[in-house]
Amino acid sequence: MTKTADRAEMGGIRYPFETAPELGEATEVAPGILWARMPLPMQLDHVNVFALDDGDGWTLIDTGFDTGKTRAAWTKLIEGPLGGRKINRIVITHHHPDHIGLAGWFQSEHGAELVTTRTAWLFGRMLLLDVHSAPVPETVAYWRGAGMSEEIIAQRLAEKPFNFADVVAPMPLGFTRIKEGDSIHMGGRDWQVRTGDGHAPEHATFWSEADNLVIGGDQLLPGISANLGVYPTEPDADPVSDWIASCRRLGAYATDEQLILPGHKLPFTGLPLRLRQMVENHEGALDRLEAHLAEPKTAAQCFMPLFKREIEGAAYGMALVEAVAHLNHLLVQGRVTRARNAAGAWEWQALGMGSTASA
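Residues numbered from 1 in each chain as written. Predicted model: local features only at pLDDT ≥ 70, side-chain atom pairs only at ≥ 80, totals over all residues. Heavy atoms only, no water.

1. A look at the confidence of the model for the protein
When the pLDDT values of the protein are averaged, the result is 94; 95% of them are 70 or greater. For the stretch residues 1-11, pLDDT sits under 50, and the model shows 24 contacts to residues farther than four places along the chain or on other chains. (pLDDT = per-residue confidence, 0-100. Contact = heavy atoms within 4.5 Å.)

2. Some points on the sheet that holds strand S10 (residues 183-186)
Spatial strand order, S10-S11-S12-S13-S14: five strands in an open sheet with mixed pairing. Two strands close off the open sheet at either side, each with one partner strand: S10 and strand S14 (259-262). Strand-to-strand twist in this sheet, taken as the mean axis angle between neighbours without regard to direction, amounts to 30°. Contacting strand S11 (189-196) and strand S12 (203-208), helix H7 (residues 239-250) crosses the sheet at an angle of about 150° to S11. (Pairing = 2+ DSSP bridges. Helix = DSSP H or I, 4+ residues; strand = E, 2+ residues; numbered from the N terminus. Axes fitted to C-alpha atoms, helices over the stretch in contact; angles between N-to-C directions.)

3. Quick word on the packing of H7 against helix H8 (residues 271-292)
In contact at an axis separation of 9 Å, H7 and H8 are set at 150° when each is read in the N-to-C sense. Of the possible angle classes, the one that applies to H7 and H8 is roughly antiparallel. H7 and H8 meet at a crossing whose hand is left-handed. Between H7 and H8, the residues in contact are Val-240, Trp-243, Ile-244, Cys-247, Arg-248 and Leu-250 and Leu-275, Met-278, Val-279, His-282, Glu-283 and Leu-286, respectively. The residue inventory of the contact of H7 with H8, partitioned by class, reads nine nonpolar, one polar and two charged. (Parallel < 35°, antiparallel > 145°, perpendicular 65-115°, else oblique. Left-handed = near helix turned anticlockwise from the far one by under 90°. Nonpolar A, V, L, I, M, F, W, Y, C, P; charged D, E, K, R; others polar.)

4. Regarding the packing of aromatic side chains
One pass over the structure, following the stated rule, counts seven aromatic pairs. One aromatic cluster is present, built from ring pairs that chain together Trp-74, Trp-105 and Phe-106. Directly above the aromatic system of Trp-207 lies the positively charged group of Arg-194, at a separation of 5.2 Å from the ring centroid. Here Arg-338 stacks its cationic end above the ring of Trp-346, 3.9 Å away from the centre of that ring. (Phe/Tyr/Trp six-rings, centres within 6.5 Å; stacked < 30°, edge-to-face > 60°. Lys NZ or Arg CZ within 6 Å of the ring centre and 35° of its normal.)

5. Observations regarding the pattern of salt bridges
A full pass over the atoms with the stated rule returns 13 salt bridges. Arg-144 is the partner of Glu-150 in a salt bridge, and the nearest nitrogen-oxygen pair spans 2.8 Å. On the basis of relative accessible area, Arg-144 is assigned to the partly exposed category, the value being 28%. Here the salt bridges do not stand alone but share partners, grouping Asp-287, Glu-290 and Arg-335 into one network. (Salt bridge = Lys/Arg side-chain N within 4 Å of Asp/Glu carboxyl O. Buried < 20%, exposed > 50% of the residue type's maximum accessible area, 1.4 Å probe, protein only.)

Next comes the structure, spelled out in structure tokens:
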């Protein structure tokens, strides 16, 4: 792939590379840094991965799912653009399966060192052990509390649930920890580790200040919003607060010249604007949601103000957990109240609009 002329987007965000590499191929985005993609079997059909040339081998950033197709793509990439050289390290930005899925395979099959934050490693190891043949009662209670219809609940009870271990390779014991404020040497550069929260706890980003490069994972995405979800494991969590605080904190380090290497979509510049957009997008959604709650609503009845459309099918679950996240944030802010209805679902209502419910 060849670098093209910058194309202005959204009043200051630019995409220096207009075309993504094909499966098994790679694009050099900076000296010694290759960008490749791994396939995902969903609407967002790829995850970006990066290979950093350490001289005696490679450091890889993120991995994709553990599937036969992804392993084959990595084999082609290693034998081709990576020149068959050793994989020294796997650096994982966060614990989600499209990023950590093959970390254990690289450890076991390639002898690579696993480098990540403690929280990412602990979540990954824990979720690999959390295997169920059917939805557990806590999950069903969460669905019902969010207003999921009994028809959809019955359908899900009849299906095998998704397990983390379905797409994540077993992870051998042991890893190397990175944390906020650390420095790590990769690809001939020193990178500052800066972590964010909201999409995933202790999500690592990497900043090479000497040459304006940032590896952003899902904390720094162009054009799409990272999912901020609340799950049965922590039903009263407030990831929206964590996300907004992280965007504002990382904004202190952002410049227009930095090339951001994100976990999905195209590399981009214009990070200060993008961080402001990400905060403003959620603030606008929260305002629309509050107005929508003039009358009591369940989380499942709140898709329109948040996403500007009703959502069904494969995207329903992600929409539901994000709706709960925004409702929890309004509750923490004191802008809404909630009460259980006769069906056991939480109904949320904006304060000052006739509600007598309490949290």
